[in-house]
Amino acid sequence: MMKLPDSFSNIRGRETFARSQVLQRSWPVVLDLCVAGIGLACFYGVVVIARYWFGHPEPEIVISQSPRALPQYAFYSVVRIGLAYMLSLVFAIGYGYIAAYSKRVEPLMIAGLDILQSIPVLSFLPGVMLAMVALFPTRQIGVEMGAIVLIFTGQVWNMAFSFYSSIKSIPRELSEAANIYKFSRLQKLIQLELPYAAIGLVWNSMVSVAGGWFFLMACEMFVLATRDFRLPGLGSYLQTAAGTGNYAAITWGLLTMIAIIVATDQLVWRPVIAWSDKFKFEQVESSSRVRSPLLHLLQQSRGLQSLRQHTIVPFGESLYRRLAEERTVGTPTKITKVRGEEAKTGIASTLLRGLIILVAAGVVLYAAWQALTLLRQVHGSEFATILKGAMATFLRVNISLILAAAWTIPAGVAIGFHPRLARIAQPIAQIAASVPATALFPVILLALIRIGGSMNIGSIALMLLGTQWYILFNVIAGAMAIPSDLKEVATLFRFTTIQKWKTVILPGIFPFLITGMVTASGGAWNASIIAEYFRLKNQTLQTVGLGAVISAATDSGQFQILLLATIVMAIMVVTINRLVWRPLYRLAETRYKLGG
Amino acid sequence: MQPAIIRAERVEKYYAQPSENRIQVISPTDLSITAGEIVALLGPSGSGKSTLLRMLTGLSTPSAGEVYWHEKPIATAEVNVSIVFQSFALFPWLTVLENVEAPLKARGMDAAERRKHGMKILDTVGLDGFQAAYPKELSGGMRQRVGFARALVVEPEVLFMDEPFSALDVLTAENLRSELLELWQNKTIPTQSIFIVTHNIEEAVQLADRIIVLGRNPGHVRTDFRVAIPHPRDRKATAFTQLVDYIYKVLTQPDAQPPALPQTSTGKTVRDQRQMHYQMLPHARPGGIAGLLELVLDHNGKDDIYRLADDLAFQIDDLLPIVDAAQLLGFLTVTEGDAAITPTGAEYANSEILRQKELFRTAAVENVLLLRQIVRAIESKSDRSVPEEFFHDMLDEQFSEDETLRQLETAINWGRYAELFDFDASRRRFIQSEKLHHDADASSTAEIDA
Ligand SMILES: Nc1ncnc2c1ncn2[C@@H]1O[C@H](COP(=O)(O)OP(=O)(O)OP(=O)(O)O)[C@@H](O)[C@H]1O
Ligand SMILES: [Mg+2]
């Protein structure tokens, strides 16, 4: 699900998972309610559009199982991921920028980030798909857009938070330097904000893209009532192959997947990490660096250099000149402006703004109310099912967390303490972690059915597969962060193994462990939607759980149940974050912070 | 008298507090900067030097009052100033030349012109050959040279510096200082005036034509006078050392009227300090206090603070909080820059650790209101514990948020040392101190945790 850049040990101080960054802030409940209201309103809008389309069936696409079709399918999937990622990047930067610089909407936007991160993306799948199909002229484009939008919603929030918190943590004197030398907003963005945020963005991009693969595998092919949505791609290929039990095709599909991941790592991430090294905000040169021959090649290329010289450079120069002129021309007009006039326009704009806010609030309230009336159609017995499912999924999520912690803590500490082991284990773990668990899931289920295992075990396995890496990589980072003098003290005083774990290792990795667990917990809830309800070989495998309720409601088009179950899941995730993880995180920050 | 380049008229600054009352950092202050002078701003930590500097540059707006740039309100004027920062504030991802060119780029200068100006200024500050290096490849002194180059490349009318030499070692600082002075005196740079914030008294006396000393709580000008010693200034000369001693006295006696100047002075009247409820606890560790007292005792119980600092190889600014703390506890008295040990102080310095703690305990309860209140509060509660928040809120009315936190930290430090109380960091509560053997236990685990 996620990757660990080699330079991880150098950036861990500043960059943690966005989900856990939310823990550090708190805000009034009113804001949460606002966000919830807006969320409900959005949901209602989507449902309205979706209902409109529900009456237009169309022929379906056939997914080939021939290995020869694979390159093309892989290409489609990669393009989808790429487009969604670009969209996420632009949106994340815009969102983070506005949140950081406009005091008025900042708290609302940040509360929004927290909740949006906690909402299970997959329960939006039917609504978004139907809406997109309705909005676009041909069905295929609609489904394509739906997939892209869904992956986007899964990717964007941690990146937005990363950019936001980077801007917020820019050292005061650096931004004062930019201000005293009268940098324009553009120059400040290019020379200060983007570079400062670059490493965080790269790191979160890698996590996001891995998460994108996870969702793409699930949403390239799914059923909604009688309608069957398919997109030609690697995900649908794997699902089709698993559905018919075609082992050769499964093998080919998985090999392609791994090839793509290795290629992305070598051709995209490594050069990007090597390049982003220069944005590291540190005063001394670090010894270990990621190297990339490809980057070297690109940087040395004469052709590219001259291309740059003739396009970007002159364009940038003229832009800067224009901005500077605007500023010098702009100042005198500011002075000549009559005070009275200023006041008048001030009143007018305040009025206008008030009106806009009022109208927006009205629309939001109306739509939220409509969404809530949908809920009235939910019967008591269905409500009971949802609650029972929530309990079951809660147990499952925690079992998977405990299992994950049980193997990752010793393994992570061993890797973190032994550089030689790390050199062997890390690349393997990285590749393993990058394979989307959803791609493996059909295969695992097939195997489970063979040996007579139940869906209950299968779903825990998928949660584990999807989220254990968050914990592992954080534990490794935590173990590496334990100062060697502490370890030496332990050796010097001949601590027993238990004593060593209790006094040095566990307290040392605690903050990192918490960070990993928060992220893993959120991920596991989300994964439950796929994990508890799965179609294989024309039969539906399912177990009791909130995720299963959501998926089943999706299948049968029961929007009221879908909405209620989604709300319950979002509330559970947010509540667990607030009641369990945030206090633990505080404890970690205050008591177990090393070198603080 | 020359017309002022920058003139501040009754500027004030306060910061909003979460608890609805606001903290005044600068009380109404008049100040002007005229052409041809180097102004040094001295003052204890937290007295608002940086805050004042930022208001004078237009970076931050005063809460009340107005700053004028050539008699126009600074917010609307086309201001031409630069700042050299203590932390250098260079962009690590830009090369030396790109860093220096960045302000020119903001002014819309074209590439060839930029390069010419950039290279010329790098040459001036002695950095030719380093234009392609990244800041992290340079030493601290070199980095600050880049900082100077970037500040000078825009040919600022006023050059502001916020403790520009504090992050450098003594020799490097001395070197840079004299080079700067040379550029200024030879008029190599078109800068009209220099405004430097510093902690270093000697630095101020060496550079400045005019020295301003700020007092704190809230920040106000305590004295503002011209330095009439001709350049080059000899650190050993009587006039020089007299002036250093004088400023030193002003700084060590925050409550007294500044004494008469040894030179010609244009000192201003000092505002009455606002009546304070809590004393400001100096941020000194008990170990430091013990060390100082022992040293004073070794010097026959009385010595010049300046010499003590020298002996310890301490920056005077690092020693002052310790002296203040010892004075507050009644272990030392300070008159005219001389520290004299009191009988309790002498006993403290001569005792072994348990007795020391006892003496400290008595002195702390007697002299420090905050500690006394904490102890009383704990005793009056049935569960023998009081939330930190309680005292936080009371201190908050008097100090800024940062200072409140530091005050609490120091109080916890002292209280723990004196075994007046203990502090449970996870619950953020003051609790009754445990028995001694427990204490020994706790401190050994704490060491590993910390
Ligand atoms: N943004 C802020 N909010 C609240 N209080 C602030 C803020 N900025 C500064 N202060 C407070 O204002 C006071 C003066 O700060 P300032 O940085 O100007 O002091 P200084 O004299 O430059 O100190 P130093 O010598 O440590 O640099 C301090 O008590 C500080 O805590
Ligand atoms: Mg300062």
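Residues numbered from 1 in each chain as written. Chains lettered and ligands numbered in written order. Predicted model: local features only at pLDDT ≥ 70, side-chain atom pairs only at ≥ 80, totals over all residues. Heavy atoms only, no water.

A. Examining the overall build of chain B more closely. A tally of regular secondary structure across chain B gives 16 helices and 16 strands. Over its C-alpha trace chain B gives a radius of gyration of 25 Å, about what one expects of a compact globule, namely 22 Å for 450 residues. Oriented by its inertia axes, the alpha-carbon framework of chain B measures out at about 75 × 50 × 45 Å. Taking all 450 residues of chain B together, the buried fraction comes to 52%. When contacts within chain B are restricted to residue pairs at least 6 apart in sequence, long-range pairs at least 24 apart make up 69% of them. Surface exposure of chain B reaches about 19900 Å², of which carbon and sulfur atoms provide 49%. (Helix = DSSP H or I, 4+ residues; strand = E, 2+ residues; numbered from the N terminus. Rg over C-alpha atoms; globule rule 2.2 N^0.38 Å. Buried < 20%, exposed > 50% of the residue type's maximum accessible area, 1.4 Å probe, protein only. Contact = heavy atoms within 4.5 Å. Areas by Shrake-Rupley, 256 points an atom, 1.4 Å probe, with all protein chains shown as cover.)

B. Expanded view of the pattern of salt bridges. Going through the model one piece at a time under the given rule, you end up with 29 salt bridges over all chains. Lys 357 of chain B is the salt-bridge partner of Glu 419 of chain B, the closest N and O atoms lying 3.2 Å from each other. Taken as a pair, Glu 419 of chain B in the loop between helix H15 (401-417) and strand E15 (422-424) and Lys 357 of chain B in helix H12 (residues 353-367) lie far apart in primary sequence, 62 residues in all. The burial state of Glu 419 of chain B is the same as that of Lys 357 of chain B; both residues are buried. Among the charged side chains, a salt-bridge network with shared partners connects Arg 172, Glu 173 and Glu 176 of chain A together with Arg 54 and Asp 162 of chain B. (Salt bridge = Lys/Arg side-chain N within 4 Å of Asp/Glu carboxyl O.)

C. Here's a closer look at the interface of chain B and chain A. The partner chain A presents 41 residues to the 40 residues of chain B that form the contact. Around 3800 Å² of area is buried between chain B and chain A when both sides are counted, 56% of it from carbon and sulfur atoms. Put simply, chain B and chain A have 2 salt bridges between them. In this structure, Glu 173 of chain A and Arg 54 of chain B form a salt bridge, with 3.8 Å as the shortest nitrogen-oxygen distance. Connecting chain B to chain A are 7 residue pairs in polar contact (both at pLDDT 80 or more). Elements with a contribution of two residues or more to the side of chain B that touches chain A: helix H1 (49-57), strand E6 (81-84), helix H2 (96-106), helix H3 (111-124), helix H4 (140-152) and helix H16 (436-449) of chain B. By residue number, the principal contributor to the side of chain B that touches chain A is H2 of chain B, which donates 4 residues. (Buried area = accessible area lost by both parts, 1.4 Å probe. Polar contact = N/O pair within 3.5 Å; in protein donor to acceptor, adjacent residues only side chain to side chain.)

D. Layout of the sheet that holds strand E2 (residues 22-34) of chain B. Residues and elements named next belong to chain B. Taking strand neighbours across the sheet as the criterion, the 4 strands line up as E2-E1-E4-E5 in an open arrangement whose pairing is antiparallel. Strand pairing shows two members of the sheet lacking a second neighbour, E2 and strand E5 (72-73), which therefore form its edges. As judged from the 9 bridges shared by strand E1 (residues 4-16) and E2, these two strands associate in the antiparallel manner. Counted as the bridge partner of Ile 6 is Ile 33 from E2. Those strands touched by H1 are E1, E2 and strand E4 (64-69), and its axis lies near 125 degrees from that of E1. (Pairing = 2+ DSSP bridges. Axes fitted to C-alpha atoms, helices over the stretch in contact; angles between N-to-C directions.)

E. How the structure looks around the packing of helix H16 (residues 380-417) of chain A against helix H22 (residues 546-556) of chain A. Residue and element names in this part refer to chain A. Running from N to C, H16 and H22 cross one another at 130 degrees; their axes reach a closest spacing of 6 Å. Comparing their axes, H22 and H16 come out oblique. Side by side, H16 and H22 meet where Thr 385, Ile 386, Gly 389, Ala 390 and Thr 393 of the first sit next to Leu 546, Gly 547 and Val 549 of the second. For the contact of H16 with H22, the per-class residue count stands at 4 nonpolar, 4 polar and no charged. (Parallel < 35°, antiparallel > 145°, perpendicular 65-115°, else oblique. Nonpolar A, V, L, I, M, F, W, Y, C, P; charged D, E, K, R; others polar.)

F. Representation of the domain arrangement of chain B within the structure. Residue and element names in this part refer to chain B. One can read the domain layout of chain B as domain 1 (4-252) and domain 2 (286-431). Domain 1 and domain 2 are separated by 34 Å when their C-alpha centres are compared. In this assembly, 13 residues from domain 1 lie in contact with 14 residues from domain 2. Both faces combined, the contact of domain 1 with domain 2 buries some 1400 Å², and carbon together with sulfur accounts for 52% of it. Ranking the residues of domain 1 by area buried against domain 2 places Ile 23, Tyr 248 and Thr 252 at the top, with a combined share of 35%. (Domains from an automatic or database assignment.)

G. Expanded view of the packing of aromatic side chains. A full pass over the atoms with the stated rule returns 28 aromatic pairs over all chains. Here Phe 75 of chain A and Tyr 76 of chain A contribute two aromatic rings whose centre-to-centre distance is 6.4 Å and whose plane-to-plane angle is 50 degrees, an arrangement assigned as tilted. A residue is classified by how much of its surface remains accessible, and Phe 75 of chain A, at 53% relative accessible area, is exposed. Looking at Tyr 76 of chain A, the relative accessible area reads 30%, which means it is partly exposed. Taking the centre distance of 6.4 Å and the plane angle of 65 degrees together, the rings of Tyr 196 of chain A and Trp 93 of chain B count as edge-to-face. Note that Tyr 196 of chain A is positioned in helix H9 (residues 185-219) and Trp 93 of chain B in the loop between E6 and H2, a pairing that runs across two chains. For Tyr 196 of chain A, a relative accessible area of 4% translates into the label buried. (Phe/Tyr/Trp six-rings, centres within 6.5 Å; stacked < 30°, edge-to-face > 60°.)

H. Highlighting the confidence of the model for chain B. All names here are of chain B. Per-residue pLDDT for chain B averages 84, and the proportion of residues at 70 or more is 90%. For chain B, H16 is the element with the lowest average pLDDT, namely 41, and strand E8 (residues 193-197) is the one with the highest, namely 95. Within the model, the stretch residues 263-276 combines pLDDT values under 50 with 29 contacts to residues more than four positions away or in other chains. Every residue in residues 435-450 is under pLDDT 50, and counting partners more than four places away or in other chains gives 12 contacts. Both scores are available for the predicted complex, with the pTM at 0.73 and the ipTM at 0.71. (pLDDT = per-residue confidence, 0-100.)

I. Up close: the sheet that holds strand E11 (residues 302-304) of chain B. Residues and elements named next belong to chain B. Spatial strand order, E11-E13-E12: 3 strands in an open sheet with antiparallel pairing. The sheet is open, and its two borders are formed by E11 and strand E12 (332-335), each paired with just one other strand. Taken over all neighbouring pairs, the strand axes of this sheet differ in orientation by 20 degrees on average, direction set aside. Taken together, the 4 bridges between E12 and strand E13 (residues 338-341) define a ladder with antiparallel strand orientation.

J. Region of interest: the site of ligand 1. Residues and elements named next belong to chain B. Around ligand 1 lies a shell of 14 residues, among which Ser 45, Gly 46, Lys 49, Ser 50 and Thr 51 are the nearest. Tyr 15 places a polar side-chain atom, nitrogen or oxygen, 3.4 Å from a nitrogen atom of ligand 1. In this structure, Gly 46 approaches ligand 1 through a main-chain N or O atom, which is 2.9 Å from an oxygen atom. Split by residue class, the shell around ligand 1 holds 3 nonpolar, 8 polar and 3 charged. (Near = heavy atom within 4 Å.)

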